[in-house]
Amino acid sequence: MTGTTTRVEATPPTAEAIEAAWQRVQLARHPQRPRTLDLVPHMFTEFTELHGDRAFGDDAAVVGGPALLEGRPVMVIGHQKGSDTESNILRNFGSPHPEGFRKAQRLMRLAEKLGLPVITFLDTAGAFPGPAAEERGQAEAIASSIKLMTGLQVPIVVIVLGEGGSGGALAIGVGDAVLALENAVYSVISPEGCASILWRSREEARTAAAAMRMTAADQLDLGVVDAVVAEPGEGAHTDHAATARTLRAAILSALRRLTSLEAEELLASRYARLRGIGAYLDTGAGATHPVEPPSLGRRIGRMLRLPGVPRRPRWSEIWPSDGGEDENERGA
Amino acid sequence: MPIKFPFSRRAGPSDAWTKCPACDAQVFNRQLERSARVCPGCGHHFRMSIGERIDLLLDPGSFEERDAGLEAIDRLGFHDERPYDHRLEASRVKTGLRDALVWGVARIDGQRVAIAIFDFRFMGGSMGSVVGEKLARCFETALAERIPAIVVSASGGARMQEGTLSLMQLAKTTAPLARLDRAGVPFIAVLTDPTTGGVLASFASLGDVIVAEPRALIGFAGARVASDTVGEELPDGFQTAEFLLEHGFVDMVVPRPELRVTLARLLRLLPVAADDGQEAAALGERPWGPLGALSGFAERLGGAVSETIGIEVDTEVAGNGGPATAGTTAAAPSATRSPDEPEADR
Ligand SMILES: [Zn+2]
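Scoring rules and cut-offs
- Residues numbered from 1 in each chain as written.
- Chains lettered and ligands numbered in written order.
- Predicted model: local features only at pLDDT ≥ 70, side-chain atom pairs only at ≥ 80, totals over all residues.
- Heavy atoms only, no water.
- Helix = DSSP H or I, 4+ residues; strand = E, 2+ residues; numbered from the N terminus.
- Buried < 20%, exposed > 50% of the residue type's maximum accessible area, 1.4 Å probe, protein only.
- Contact = heavy atoms within 4.5 Å.
- Areas by Shrake-Rupley, 256 points an atom, 1.4 Å probe, with all protein chains shown as cover.
- Buried area = accessible area lost by both parts, 1.4 Å probe.
- Salt bridge = Lys/Arg side-chain N within 4 Å of Asp/Glu carboxyl O.
- Polar contact = N/O pair within 3.5 Å; in protein donor to acceptor, adjacent residues only side chain to side chain.
- Pairing = 2+ DSSP bridges.
- pLDDT = per-residue confidence, 0-100.
- Core = buried A, V, L, I, M, F, W, Y, C linked by side-chain atoms within 4.5 Å.
- Axes fitted to C-alpha atoms, helices over the stretch in contact; angles between N-to-C directions.
- Left-handed = near helix turned anticlockwise from the far one by under 90°.
- Nonpolar A, V, L, I, M, F, W, Y, C, P; charged D, E, K, R; others polar.
- Patch = residues over 30% accessible without salt bridge, like charges linked within 9 Å, V, L, I, M, F, W, Y side chains within 5 Å.
- Donors = N, O, S within 2.8 Å, 3.2 Å for Na, K, Ca; no water.
- Domains from an automatic or database assignment.

The helix and strand inventory of chain B stands at 13 helices and 12 strands. Counting across all 346 residues of chain B, residues that qualify as buried make up 58%. Contacts spanning at least 24 positions in sequence make up 67% of the contacts within chain B whose residues lie at least 6 apart. Within the structure as shown, chain B displays about 13,700 Å² of accessible surface, and the carbon and sulfur contribution to it stands at 54%.

Dropping the structure here:
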């Protein structure tokens, strides 16, 4: 398997690109944008929300439960933002704690046990970064959720609804078909976070948004999403019901394809999909320090420390550290 | 900051000294080298290069690097204060590496392993497509050759310059781990300073055993972010290895001088499970025989297990890789196992 090899000339984003990218971010964050629980009644019947991670608590930033799609049961899981101050406080602005991801895992296991397809909705600025979340293992909760999804033996359809914010989004975002609404965005870190690290100023968030290529169209181009779903009129916030109708059709079409696969084929294609994402070049260059078995004479020479027999260089001489401590560089 | 003699471009570790950030002592680099880069005064663990890690952990001469030629590509055309390519080049010059991770097969105390090691000095050890691809190949080789996998992490997280391509490496590196689970191949994560962000939120948190170095910074979000978010003081030792041990997210905090023997012991204690039948002959020497650890356990104890604890031991399940799991294991990229290559020593 080889990765993508398209190289793009690096230039600072143009003013137009910045404007276009930021407009999408604003739409993705629009206060009236449909949230998971706004769309569910338009797409499914008999949705029954289940609560709690069976370990610590119930996280209102993640919702989920079984529902009927065209009369057949599925498991619905999604991030849930609020629509006003009160509901946003209840929902923690859609930023889950570990128990949110563990609830999602519990629901996915139930879906697998009963053979229900899983449908997830991504809409979060990111996993909550507070100390309590750290204490309860935010990273572990995300990691184990991702791992569970890579091996879950039922079809998974993922929809990026609004903000696909980093690991907190991906934690419920591994699937067989990943769809994005037209004005949704997906990124490795929030544009504000990226700007404060790489530009050393949160004011550059717009520039960072353009540089990260976070729009739905960009994600399609990068192979991160498989299809972009058009939004009605000026955007999904103008018509929740119409948005739900198009999404529902897209989900059904994906499910028709996926449910015809055996579990084995399904997992193999999900694996291949993930393995294929990334951009790298295999230069074919050999090992930095090829290890070849030394001749017997040389081995004996080394053992006896005979003069003229070069000793094997230590790896620390090939890749040394430069002595001191290094300045901190940040990733996401 | 390192202080070097001004006359040579690279003063070399022997004739320079470094100030310990923990105790302010001046430590000669030659001394640091002898002590595995642990401060002799206070025990502070300095960061290590990949070369130093190899020398510290692996049997001399046993490391064979794999996939050395993989190189990053600027797929996004990413330009912040300078182009991504320039940052890559600067890191390559600084470290002599092509990217932030090197992997290969090696031996620890004679036991064959697939091991991947990060270098934090290469763009903060950040995980982009190359790091993700190498890790996936490392895990896939562990699966194909049925040898344990080890990753020594030192990373700030996902590489922002690759956008969501780097975010997807969280899933790319995690997917093979689910296959290792089904195949009965152990994975040991060694977390060193620092292991944060997307690296901690993927494979690094998923070790069957997780070992951390003392006082290493280990956390999901930056400590400043965490403190700003709630506007309160952080608890003492927040996001240190010891903090994670206390909260149940790492198994042990091991000082560097004991790391090698600890890994060797874990490898002996947690052997690769028996393959489903085909290679049973090769497993004759295993401590609990070819039926696997659990059924061997049951044999020894006789009926005592089921009677007193109420556990029913089903030999078919205990024999590893029952029919339910065999299919998914077979879907693994067995093509990476070369017919010329000798079967992994067990
Ligand atoms: Zn010290």
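Between chain A and chain B, the residue contacts involve 89 residues of the former and 99 residues of the latter. Summed over both sides, the interface of chain A with chain B buries roughly 8,400 Å², with 60% coming from carbon and sulfur. One can count six salt bridges joining chain A with chain B. With its nearest N and O atoms 2.8 Å apart, the salt bridge here joins arginine 275 of chain A to glutamate 133 of chain B. The interface formed by chain A and chain B contains 26 residue pairs in polar contact (both at pLDDT 80 or more).

As a further point, take the side chain of threonine 95 of chain B. Within the secondary structure, threonine 95 of chain B is located in helix H3 (residues 84-95). The exposure class of threonine 95 of chain B is buried, given its relative accessible area of 4%. Among the polar contacts made by the side chain of threonine 95 of chain B, one reaches the main-chain carbonyl oxygen of serine 91 of chain B at a distance of 2.7 Å. Excluding anything up to four places from it in sequence, threonine 95 of chain B contacts Trp319 of chain A together with Asp119, Arg121 and Phe122 of chain B.

Moving on: the pairing of strand E5 (residues 177-181) of chain A. Residue and element names in this part refer to chain A. The buried count for E5 comes to five of five residues, which makes it a mostly enclosed element. Residues Ala177, Leu179 and Leu181 of E5 are buried on one face, and the alternating residues Val178 and Ala180, pointing to the opposite face, are buried as well. Relative to E5, strand E4 (residues 156-165) is paired through four bridges, and the arrangement is parallel. The residue bridging valine 160 from the neighbouring strand is alanine 180, located in E5. Here E5 pairs with strand E7 (residues 227-229) via three bridges, running parallel. Within E7, the position partnered with leucine 181 by the bridge is valine 229.

Residues and elements named next belong to chain B. In this model, chain B carries a mean pLDDT of 82, and residues with pLDDT of at least 70 account for 73%. Overall, residues 1-14 carries pLDDT values under 50, and its contacts beyond four positions in sequence, including any with other chains, amount to 19 contacts. Here residues 303-346 scores under 50 on pLDDT; set against residues more than four positions off or in separate chains, the count is 55 contacts. Scoring of the predicted complex yields 0.87 for pTM and 0.93 for ipTM.

Counting 179 residues, the largest nonpolar core has Phe44, Ile119 and Tyr186 of chain A together with Leu135 and Phe203 of chain B as its most contacted members. Per element, the largest residue contribution to this core is nine residues, and it comes from helix H5 (residues 163-183) of chain B. In this structure, phenylalanine 44 of chain A is in contact with Ala67, Leu68, Leu69, Val74, Val76, Ile119 and Phe121 of chain A, ignoring residues within four places of it in sequence. Core analysis: the second largest hydrophobic core is formed by five residues, Cys20, Val27, Cys39 and Phe46 of chain B among them.

Turning next to the packing of helix H12 (residues 263-275) of chain A against H5 of chain B. Where H12 of chain A contacts H5 of chain B, the axes come no closer than 9 Å and their chain directions differ by 145°. Judged by the sense of rotation from one axis to the other, the crossing of H12 of chain A with H5 of chain B is left-handed. For the pair H12 of chain A and H5 of chain B, the contacting residues are Leu267, Ala268, Tyr271, Leu274 and Arg275 of chain A in the first and Ala171, Lys172, Ala175, Pro176 and Arg179 of chain B in the second. Of the residues that constitute the contact of H12 of chain A with H5 of chain B, the class distribution is seven nonpolar, no polar and three charged.

Our next topic: a nonpolar patch on the surface. All names here are of chain A. Taken together, the side chains of Leu296, Ile300, Met303, Leu304 and Leu306 define a hydrophobic patch exposed on the protein surface, amounting to about 530 Å² of accessible area. By secondary structure assignment, the location of leucine 296 is in helix H13 (residues 296-303). Here leucine 296 falls in the exposed class, since its relative accessible area comes to 55%.

Attention now moves to the coordination of the zinc ion. Tetrahedral metal sites with four donors have an ideal angle of 109.5 degrees; octahedral sites with six donors have ideal angles of 90 or 180 degrees. Residues and elements named next belong to chain B. The protein atoms donating to the zinc ion are Cys20 (SG), Cys23 (SG), Cys39 (SG) and Cys42 (SG), with metal-donor distances spanning 2.3 Å. Mapped onto the polypeptide sequence, the residues donating to the zinc ion form the spacing pattern C-x2-C-x15-C-x2-C. For cysteine 20, a relative accessible area of 0% gives the class buried. Residue classification places cysteine 23 among the partly exposed positions, given a relative accessible area of 32%.

With that settled, consider the domain arrangement of chain A. Taken as a whole, chain A is organised into domain 1 (6-280) and domain 2 (296-331). Relative placement of domain 1 of chain A and domain 2 of chain A: their C-alpha centres are 47 Å apart.

Take the environment of valine 62 of chain A next. Residues and elements named next belong to chain A. Residue placement: valine 62 occurs in strand E1 (residues 62-69). As for valine 62 and aspartate 38, which are separated by 24 residues in sequence, their C-alpha atoms are 14 Å apart. With residues up to four places along the chain from it excluded, the contact list for valine 62 reads Ile77, Gly78, His79, Pro96, Gly100, Lys103 and Ala104.

Turning to the pattern of salt bridges, a few remarks are in order. Scanning the model with the defined rule gives 36 salt bridges over all chains in all. Between arginine 137 of chain B and aspartate 282 of chain A there is a salt bridge; the shortest N-O distance is 3.9 Å. Placement of the pair is arginine 137 of chain B in helix H4 (residues 129-145) and aspartate 282 of chain A in strand E8 (residues 280-282), with the two residues belonging to separate chains. When its relative accessible area of 43% is taken as the criterion, aspartate 282 of chain A is described as partly exposed.

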